[in-house]
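Examination of the molecular architecture
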Amino acid sequence: MQTSIPCLFMRGGTSRGPFFLESDLPADTALRDKVLLAIMGSPHARQIDGLGGGHPLTSKVGIVRPSMVPGIDLDFLFAQLQPDKDTVDTTPNCGNMLAAVVPFALERGLAAPQGETTTLRVLTLNTGMACDITVQTPGGRVEYDGDARIDGVPGTSAPIAINFLDTAGSVCSGLLPTGSVKNLIDGIEVTCIDNGMPMVLFRATEVGRTGAESVESLNADTELKTRIEGLRLLAGHLMGLGNVAEKNYPKMCLIAPPSAGGAVGTRCFIPHVCHDAIGVLAAVTVATACVLEGSVADGLAKVPDGAAKTIAVEHPTGEFSVELELDPQDPQKVVRAALLRTARLLMKGEVMIPASVWEGKPA
């Protein structure tokens with residue numbers, strides 16, 4: 001026997017995964033996690049018996065509900081699974097999957113279209129961060145076709161604008177959780193920062209690399225990955241995150257001078273696999289480090305003048321532009337972060353799991 005669960009399979013930014021109404025999943029967290037593991041086919045390297053794509057970027061789940069918080073339209077819980085592990089991590093955010101939340105909500109009738117465009121305020125339950133998301137809704141339907149292009153996704157789609165309202169200290173105690181813009185850890189100068197995603201940034205040259213290496217070569221570089229993991233474990237304690245051995249954060253990022261006209265070059269690990277692109281909130285956090293005086297990016301990144309800046313973060317498959325606005329009274333403080341993403345509904349229907357895992361909601 002099998003249990004069927006209503007599901008929309010969606011791409012959000014450069015990630016993808018199934019989206020669910022919270023009410024269609026078990027209320028008990030432990031049982032819910034067992035259900036999600038069964039849905040994705042974890043743990044198995046290829047996730048052959050589930051919806052997962054054998055990669056962290058395609059091992060993600062979105063859970064949405066109408067919000068009871070005043071001024072908030074939707075609550076969003078992001079779950080990061082791993083192909084070869086039996087873990088379900090709901091502590092970090094995912095800005096890519098966030099792009100699919102409003103399209104999902106409109107498709108499932110959680111909200112009504114507002115006109116040519118629809119803007120809803122979304123609260124990420126993972127960290128308590130809120131944002132305004134605007135999607136195209138001509139004729140009262142979500143529009144997926146358009147001219148917006150994002151690196152890491154083929155073709156073009158309708159634009160989705162995400163305006164983050166408060167990203168500093170999303171998981172950590174603040175923007176700079178160590179209390180310093182730069183630290184020396186294990187002989188490496190780093191900037192530990194959280195402006196939407198806890199991250200450890202360091203210059204590629206600090207570990208004997210250029211920052212222009214291919215994703216394949218970095219994923220095969222066991223010496224580098226071992227050193228980065230050791231650095232990550234030490235940084236986790238310094239950032240107030242405790243033992244991060246089983247956590248998906250902080251993300252680790254090698255930075256280098258830009259090579260394609262952007263502001264900075266990056267190679268991000270999430271946290272053990274080199275990302276083909278860069279995560280949304282990782283890009284926001286890297287861009288923030290670029291504008292902070294004294295960070296490891298200071299003097300390396302090419303930053304435009306003015307209080308409002310567009311920072312183009314280069315990654316292995318292109319670039320990711322982030323709009324930042326600085327506090328005129330305190331140029332070390334970012335007061336606004338906005339960016340462009342796209343999303344697409346890939347499939348709608350029901351996902352099947354063994355009834356031995358869960359017999360489903362009562363009729």
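Residues numbered from 1 in each chain as written. Predicted model: local features only at pLDDT ≥ 70, side-chain atom pairs only at ≥ 80, totals over all residues. Heavy atoms only, no water.

1. Section: unusual backbone geometry
Trans peptide bonds make up the majority, and among non-glycine residues the majority have a negative phi. What counts here: A run of H or I in DSSP counts as a helix once it spans at least four residues, and a run of E counts as a strand once it spans at least two, with each numbered from the N terminus. Only protein chains enter the accessibility calculation, which uses a 1.4 Å probe. A residue is then buried if its area is under 20% of the maximum for its type, exposed if over 50%, and partly exposed in between.
Put simply, S42 and P43 share a cis peptide bond, and its omega is 0 degrees. With respect to the helices and strands, P43 occurs in the loop between α1 (29-40) and β3 (60-66). One non-glycine residue, Q47, lies in positive phi territory at about 50 degrees. With respect to the element layout, Q47 can be found in the loop between α1 and β3. By relative accessible area, Q47 is classed as buried at 1%. Phi at D186 takes a positive value of approximately 55 degrees, unusual for a residue other than glycine. For D186, the position within the fold is in the loop between β9 (183-185) and β10 (188-194). According to the relative accessible area criterion, D186 is partly exposed, its value standing at 47%.

2. Focus on empty space enclosed by the protein
To find leftover empty space, one rolls a probe the size of a water molecule over the atoms. Applicable threshold: A pocket, in this scheme, is an open set of points on a 1 Å grid over the protein atoms alone with protein on both sides within 12 Å along at least 5 of 7 lines, while a cavity is a set where a 1.4 Å probe fits but cannot get out; residues line either one if an atom lies within 4 Å of a point. Grid points are joined across faces, edges and corners, and a volume is the space filled by probe spheres set on the points. In this count, Pro and Cys sit with the nonpolar residues alongside Ala, Val, Leu, Ile, Met, Phe, Trp and Tyr, while Asp, Glu, Lys and Arg are called charged and the others, Gly among them, polar.
Scanning all chains against the criterion turns up 2 cavities of 30 Å³ or more. Estimates place the volume of the largest cavity at around 240 Å³. Lining the largest cavity are 21 residues, with K60, M197, K251, I270 and G279 sitting closest to its centre. Contributions of two or more residues to the lining of the largest cavity are made by β4 (74-81), α2 (95-98) and α6 (280-291). The element contributing the most residues to the lining of the largest cavity is α6, with 3 residues. Along the lines of polarity and charge, the residues of the lining of the largest cavity split into 11 nonpolar, 8 polar and 2 charged. Within this model, the second largest cavity holds a volume of roughly 40 Å³. What lines the second largest cavity is P103, V135, V142, E143, Y144, A158, I160 and A343. Its residues assigned to classes, the lining of the second largest cavity comprises 7 nonpolar, no polar and 1 charged.

3. Notes on the layout of surface pockets
Taken as a whole, the largest pocket spans an internal volume of roughly 320 Å³. Every residue lining the largest pocket is counted, 18 residues in all, and those nearest its centre are R11, G13, T14, G152 and V153. Counting only elements with at least two residues in the lining of the largest pocket, the list comes to β2 (15-21) and β17 (343-354). Each pocket or cavity is described by its volume, and for the second largest pocket that value is around 280 Å³. Lining the second largest pocket are 16 residues, with P56, Q82, D84, K85 and V273 positioned closest to its centre. Grouping the amino acids of the lining of the second largest pocket by side-chain chemistry returns 6 nonpolar, 6 polar and 4 charged.

4. Considering helix α5 (residues 222-238)
Defined as follows: By definition here, a helix of n residues has an expected span of 1.5 Å times n minus one. Residue contacts are defined here by distance: any two heavy atoms, one from each residue, within 4.5 Å place the two residues in contact.
Here α5 contains 17 residues, and its C-alpha end-to-end distance of 24 Å stays within 8% of the 24 Å for a straight helix at 1.5 Å per residue. Those residues of α5 lying buried are L224, I228, E229, L231, R232, A235 and G236. Contact partners of the buried residues in α5: β9, β10, β11 (198-203), α4 (215-219), β12 (251-256) and β13 (264-269). Looking one or two places after α5, you find G240, whose phi comes out positive at around 80 degrees.

5. Observations concerning the side chain of S295
Selection criterion: Distance and chemistry together define a polar contact, namely a pair of N or O atoms within 3.5 Å, with one atom able to donate a hydrogen and the other to accept it when in protein, and with adjacent residues in sequence counting only for side-chain atoms on both sides.
Position of S295 relative to the elements: it lies in the loop between α6 and β14 (308-315). Relative accessible area serves as the criterion here: at 2%, S295 is assigned to the buried category. At 2.7 Å, the side chain of S295 forms a polar contact with the backbone oxygen of A289. Among the polar contacts made by the side chain of S295, one reaches the main-chain carbonyl oxygen of L292 at a distance of 3.3 Å. The residues touching S295, leaving out its near neighbours within four places in the chain, are V181, T191 and A289.

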